[in-house]
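So you can see what is in the structure, the chains are spelled out below.
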Amino acid sequence: MPIDIDTLNGPQREAVVTTEGPLLVLAGAGSGKTRVLTYRIANILEQNLAAPWEILAITFTNKAAAEMRERLAQLVGTRSRGMWVSTFHSMCVRMLRADAERLGFTKNFTIYDTDDLKRLYKDIMAELNIDPKRFPVNQLMNRISQAKNDLVTPGNFDAHDPVGKVAERVYERLQERLRAANAFDFDDLLLYGYLLLKNHADVREAYQDRFRYLMVDEYQDTNRAQYAITQLLAAKRRNIMVVGDDDQSIYSWRGADLRNILEFESDYPEAKVVKLEQNYRSVGNILAAANAVIANNQHRKEKRLFTDSGDGEKISVYLATDERDEGRWIAGEIDRRRSEGTSYNNMAVFYRTNAQSRMLEDMLLRAGVPYRIVGGTRFFDRAEIRDVMAYLTLVMNPADDIAAKRVVNVPRRGIGKTTIERIDQYGREMNMPFLTAAELAVVDPDIRASTRNAVGEFIQVIKDGATYGGDLRKVVEMIIDKAGLIRALQDEGTDEARGRVENIQEFLGVVDEFVQTHDAEESDFAAPTVGEDESVEPVRVLRGDSLADFIEWVRLRTDLDTVTEDGQAVTLMTVHSSKGLEFDCVWVAGMEETLFPHMNSVGDAAAVEEERRLAYVAITRARKRLCLTCAQQRQIFGQTHANPVSRFIGEIPSELRQTSGLGSAGFSGTGWEKRGSRRGIAGSGTEAGEGRVFGRSSASGAQGRSFAEYRAATGTGRAAGSIGGASRAGSGRIGAGANPNAGKKEGARATFAAGDAVDHKTFGRGTVVKVDGDTLHVKFAKTGQTKKLLKDYAPIVKIG
DNA sequence: TCAGAGCAACTTTTT
DNA sequence: GTTGCTCTGA
Ligand SMILES: Nc1ncnc2c1ncn2[C@@H]1O[C@H](COP(=O)(O)OP(=O)(O)OP(=O)(O)O)[C@@H](O)[C@H]1O
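Only a predicted model underlies this, so the values are computations on that prediction, with no experimental measurement involved. (Residues numbered from 1 in each chain as written. Chains lettered and ligands numbered in written order. Predicted model: local features only at pLDDT ≥ 70, side-chain atom pairs only at ≥ 80, totals over all residues. Heavy atoms only, no water.)

Novice: How do you make sense of the protein's contact with DNA strand B when you look at a structure like this?
Specialist: Around DNA strand B, the structure places 24 residues, and the nearest of them are Arg352, Asn354, Arg412, Thr418 and Thr574. Considering DNA strand B, the proportion of its atoms within 4 Å of the protein that are sugar or phosphate atoms stands at 61%. Contact distances for DNA strand B include 2.4 Å between a phosphate oxygen and a side-chain N or O atom of Arg412. (Near = heavy atom within 4 Å. Polar contact = N/O pair within 3.5 Å; in protein donor to acceptor, adjacent residues only side chain to side chain.)

Novice: Just to check I follow, could you spell out the UniProt feature "binding site: ATP" (unreviewed entry) in chain A for this structure?
Specialist: Taking the UniProt record as the reference, the feature "binding site: ATP" (unreviewed entry) is found at Ala27, Gly28, Ala29, Gly30, Ser31, Gly32, Lys33 and Thr34. With respect to the helices, strands and loops of the structure, Ala29 is situated in the loop between β1 (23-26) and α2 (33-46). Using a relative accessible area of 0% as the deciding quantity, one classes Ala29 as buried. When sequence neighbours within four positions are dropped, the list of residues in contact with Ala29 reads Asp245, Gln248, Asn279, Arg281, Leu305, Tyr616, Thr620 and Arg621. Checked against the element boundaries, Thr34 lands in helix α2. Here Thr34 falls in the partly exposed class, since its relative accessible area comes to 37%. (UniProt positions renumbered as here; feature names shortened; annotations may be inferred. Helix = DSSP H or I, 4+ residues; strand = E, 2+ residues; numbered from the N terminus. Buried < 20%, exposed > 50% of the residue type's maximum accessible area, 1.4 Å probe, protein only. Contact = heavy atoms within 4.5 Å.)

Novice: What is the right way to read the UniProt feature "domain: UvrD-like helicase ATP-binding" (unreviewed entry) in chain A from this model?
Specialist: Mapped onto this structure's residue numbering, the UniProt feature "domain: UvrD-like helicase ATP-binding" (unreviewed entry) falls at residues 6-283. In residues 6-283, helix accounts for 50% and strand for 11%; the two terminal C-alpha atoms are 23 Å from one another.

Novice: Sorry if this is basic, but what is going on with the site of the ligand here?
Specialist: Surrounding the ligand, one finds 18 residues, the nearest of these being Gln12, Lys33, Thr34, Glu582 and Arg621. Between the ligand and the protein, one listed contact pairs an oxygen atom with a side-chain N or O atom of Glu582 at 2.6 Å. With three residues, the single largest contributor to the shell around the ligand is α2. Here the shell around the ligand gathers at least three residues from each of two domains, domain 1 (10-101 + 188-278) and domain 3 (315-378 + 562-661). (Domains from an automatic or database assignment.)

Novice: Which parts of the structure should I look at to understand the packing of aromatic side chains?
Specialist: Given two aromatic rings, their pairing is described by the distance between the two centres and the angle made by the two planes. Inspection of every chain in the model, using the stated rule, returns 21 aromatic pairs. Relative to Tyr251, the ring of Phe60 lies with its centre 5.1 Å away and its plane at 50 degrees, an arrangement referred to as tilted. Of this pair, Phe60 sits in the loop between β2 (55-59) and α3 (62-76) while Tyr251 sits in the loop between β7 (240-244) and α11 (259-262); the two residues are 191 residues apart in sequence, bridging distant segments of the chain. Exposure remark for Phe60: the relative accessible area of 24% places this residue in the partly exposed category. You can call Tyr251 buried: its relative accessible area is 8%. Aromatic pair Trp84 and Phe211: ring centres 5.5 Å apart, planes at 50 degrees, arrangement tilted. Placement of the pair is Trp84 in strand β3 (residues 84-87) and Phe211 in the loop between α9 (201-210) and β6 (213-216), with a sequence separation of 127 residues. Judged by relative accessible area, Trp84 falls into the buried class, the value being 2%. (Phe/Tyr/Trp six-rings, centres within 6.5 Å; stacked < 30°, edge-to-face > 60°.)

Novice: Before we go on, may I ask you to explain the pairing of β2 in this structure?
Specialist: It is a general feature of regular strands that their side chains alternate between the two faces of the sheet. Burial of β2 is extensive: five of the five residues sit out of reach of the surface. Burial of the side chains of β2 extends over both faces: Ile55, Ala57 and Thr59 are buried on one face and Leu56 and Ile58 on the other. Across four bridges, β2 lies against β6 in parallel orientation. The residue bridging Ile58 from the neighbouring strand is Val216, located in β6. By the bridge criterion, four bridges tie β2 to β3 in an arrangement that is parallel. Of the residues in β3, the one forming a bridge with Thr59 is Thr87. With α3 bridging β2 and its parallel neighbour β3, the resulting β-α-β unit is right-handed. (Pairing = 2+ DSSP bridges. Right-handed = clockwise from strand over helix to strand, strands pointing away.)

Novice: What should I look at first to understand the pairing of strand β16 (residues 622-631) in this one?
Specialist: Counting buried positions over the ten residues of β16 gives eight, a clear majority of the element. Relative to β16, strand β9 (residues 315-320) is paired through five bridges, and the arrangement is parallel. Looking at the pairing, Ala320 lines up with Ala631 of β16. Pairing between strand β15 (residues 583-588) and β16: five bridges, direction parallel. Residue pairing in the sheet places Cys585 in a bridge with Arg625 of β16. As for the winding sense of the linkage, the β-α-β connection from β15 through helix α25 (residues 605-619) to β16 is right-handed.

Novice: What's the story with the nonpolar core in this structure? I'm lost.
Specialist: If you look at soluble globular proteins, the nonpolar side chains tend to sit buried side by side. One finds Met91, Tyr121, Leu140, Val170, Tyr207 and Ile229 to be the most contacted residues of the largest nonpolar core, which totals 76 residues. If one sorts the elements of this core by residue count, helix α8 (residues 186-199) sits on top with eight residues. A domain split of this core shows at least three residues from each of domain 1 (10-101 + 188-278) and domain 2 (110-181). The residues touching Val170, leaving out its near neighbours within four places in the chain, are Tyr121, Ile124, Met125, Leu128, Ile130, Leu140 and Ile144. Of all hydrophobic cores here, the second largest spans 54 residues; its members include Ile385, Val388, Leu392 and Ala403. (Core = buried A, V, L, I, M, F, W, Y, C linked by side-chain atoms within 4.5 Å.)

Novice: How should the domain arrangement of chain A be read in this particular structure?
Specialist: Interface size, as often reported, equals the accessible area lost upon joining of the parts. For chain A, the assigned domains read domain 1 (10-101 + 188-278), domain 2 (110-181), domain 3 (315-378 + 562-661), domain 4 (383-523) and domain 5 (756-798). If you average the C-alpha positions of domain 1 and of domain 2, the two centres end up 31 Å apart. Taking both sides of the interface into account, the surface hidden between domain 1 and domain 2 amounts to around 970 Å²; carbon and sulfur atoms contribute 61%. Summed over the shared surface of domain 1 and domain 2, the result is one salt bridge. A salt bridge links Asp188 to Lys148, with the shortest nitrogen-to-oxygen separation between them at 2.9 Å. Put simply, domain 1 and domain 2 have six residue pairs in polar contact (both at pLDDT 80 or more) between them. In terms of residue count, the dominant contributor to the side of domain 1 that touches domain 2 is α8 (seven residues). Residue composition of the side of domain 1 that touches domain 2, grouped by class: nine nonpolar, one polar and three charged. (Buried area = accessible area lost by both parts, 1.4 Å probe. Salt bridge = Lys/Arg side-chain N within 4 Å of Asp/Glu carboxyl O. Nonpolar A, V, L, I, M, F, W, Y, C, P; charged D, E, K, R; others polar.)

Novice: Sorry if this is basic, but what is going on with the packing of helix α6 (residues 137-149) against α8 here?
Specialist: For the pair α6 and α8, interaxial distance at closest approach is 9 Å and the crossing angle is 25 degrees. For the element pair α6 / α8, the angle class is roughly parallel. Crossing of α6 over α8 shows left-handed handedness. Only Asp187, Asp188, Leu190 and Leu191 of α8 make contact with α6, whose side of the interface consists of Ser145, Lys148 and Asn149. Taken together, the residues of the contact of α6 with α8 break down into two nonpolar, two polar and three charged. (Axes fitted to C-alpha atoms, helices over the stretch in contact; angles between N-to-C directions. Parallel < 35°, antiparallel > 145°, perpendicular 65-115°, else oblique. Left-handed = near helix turned anticlockwise from the far one by under 90°.)

Novice: Honestly, helix α10 (residues 224-234) in this entry has me stumped. Any pointers?
Specialist: Burial analysis of α10 places nine of its eleven residues in the buried class, which makes it a mostly covered element. Those residues of α10 that sit buried are Ala225, Gln226, Tyr227, Ala228, Ile229, Thr230, Leu232, Leu233 and Ala234. Capping the start of α10, Asn223 holds a side-chain oxygen 3.1 Å from the backbone nitrogen of Ala225, two or three residues further along.

Novice: When you look at the sheet that holds strand β11 (residues 371-373) in this model, what are you seeing that I'm missing?
Specialist: Remark on secondary structure: sheet strands pair via backbone hydrogen bonds, oriented parallel or antiparallel. If you trace the seven strands from one edge of the open sheet to the other, you get β11-β14-β10-β15-β16-β9-β19, paired in parallel fashion. In this open sheet, the two edge strands, each paired with only one partner strand, are β11 and β19 (657-661). Across this sheet, the average inter-strand angle for adjacent strands is 20 degrees, counted without regard to direction. Of the pairings in the sheet, the one linking strand β10 (residues 347-351) to strand β14 (residues 570-574) comprises four bridges and is parallel in character. Paired with Val349 across the strands is Leu572, a residue of β14. Set on the sheet, helix α13 (residues 284-294) makes contact with β9 and β16; between it and β16 the angle comes to about 55 degrees.

Novice: Sorry if this is basic, but what is going on with the sheet that holds β1 here?
Specialist: Overall, parallel pairing links the six strands, which are arranged β3-β2-β6-β7-β1-β8 in an open sheet. Each edge of the open sheet carries a strand with a single partner, namely β3 and β8 (272-274). Neighbour to neighbour, the strand axes of the sheet diverge by 15 degrees on average, direction disregarded.

Pasting the structure below:
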């Protein structure tokens, strides 16, 4: 089946058939860059110019990678199987797994996320006697992260300011500690990936020989490390295609450097440049607005961008009185669009900062609009899940001190701060991992016998864990069991503990999901090895049967990766997360000065330009309809601020806009949005036990989303089906609107009376014991306490 | 050694 | 509005 390049326009086709030599596609939003890249790969495969293992495609997120793989499968069927389509970070993990020893690490290294890393920083700062008051951890972390992204190693770190001097010391110690723990942080993946290629010529050549074709999407947001890796990989064959839009560069704070794409032509003087000028995504008005806004940036390459589709509706601007009104209006509009036939999946609400999601969530909840949130607290960030992960990690990598210290006394074994400190210090003096030092502590007569026993017990859990074999799910279950994590929680007997147990059990569901989505068909080609025969097809490695694979998968997973078409729900996310996506209807909330553009950026011309690019990204995600909202006043930090309307709104020509709000104009309420009345969604009651009305687990308190919600959002392909009823039940409860139709009519205008069963977003289920004007007295089952709540404000709905 | 209370700083954006 | 830290009393 030849691929159908007739659906492409002239320049797109040109890019697709230009298979040899460097190629730059620099083009505006929605012009089909990603599509071109995908078709180009399909074409290369179709023409037998390269085998699938000889092609490397880099995307910005894992989700984008998965989508591209899927798209390729549609185009060329099974031929694309096993191809390396991944993010820079994932690719580096693979490279490092193959050759970790060269860098003084072992294959079973751990990847530290921000939370782990912060612990390590605090540890180091205590060790080096650095006062976190004078030198904030975050500041040091940023500084060092920046250095890593710029490929500055501790030896080259040359700072003269006070913070820099301190950072220099911390950086040096950090790398020592990470190496000792056999761990990489996110930035290290790139840094060491680069160093591996740079310093080991034979390894570098193996990669250069393997990959005949190299393609990088979203090239405008690559940082120095990613750029350098790309350069090294492409150096030999120079068959590199990069795709991007300088107007969509929004990650400079993470080290992304526009020069990488702007200077592509000087890096590769023989490069062919293709411009795409037709936008296939948005209607005329939206495109005109985007063009007008971005034109205000001084430092950019002028680009033409047109569309053949009609003007469409005007851009609607809603001036809300406050953030509550804003959310309420958006919910109402979503409802309206939905009744006009747009599915929830084709709608999205964006915001500049994660903190803004709270009010939006609350209002959608009241409106009965199902939503899913991208970002914020993740399921895997919950304490109990992190504990489980720490045990698993430790079994795989006993040198991981952060993990060891995290769970040495979880569940409570009576190992206190003093003992931990003692073991830690001994370990550091003797230059050995915490776990080894702990082993010696078992025979240390200076430590109480009971404590020594407890330490011995802990070590045994880890040692036994390493001997378990077979089925991944079984292994994980056995480790959890041996550690006694569930038992300890059950003994607590509180509702909160029960919620945690539930989460751990749901975590086991994640393991199943992982195993099922990583079957033999999904296996990837093994990493290149030194001296391999180019003509022989590399073996394909199943990356889904080991603890190491699972842990890596969890670590590199982001919430964005969980956005699927499964279930009907509106998507809520930051503008940053929306890059590369598209929706029929888009609402952008918080279009105010100091929020968007953010106050930290105002006053710095370059930063304002980046904010404007961000606005450009937001606007260009919309296919048919765009609404921008702002609030006259808004609570930030618990204080009320009155901010002017964002300059970006003013930059949209007024004839393209239609303004409403501030009072009543343009809003036809239906009654539910009034304070005090609401459409509670009586739980569809699919889950055994307590039905959850809210997206958060009522049993486990307010931290993070419930797994049910998470899973609903994940429900990837086949896994969703195989989890079966549970999964479907889950997807019915993404966010608020359990069943999109439920509660729509009859649930409206709920008032409260004594005896009503209610569900509170934070406190869970309860019963109204008394109604006192606007004040409800609710007795909550979980705490047994009675709380006074203002019925107009509390996130509460009537159930049953 | 540990739990709970009280308090402080926090939020710009993420692989 | 929350999360993580310190302090205190048992
Ligand atoms: N030649 C074409 N004919 C019809 N539709 C097209 C064509 N090219 C692209 N599209 C559609 O336009 C939309 C945008 O394409 P794509 O996501 O590849 O653009 P992009 O340039 O990568 O966008 P952005 O930079 O904004 O992420 C997609 O829905 C795609 O299917």
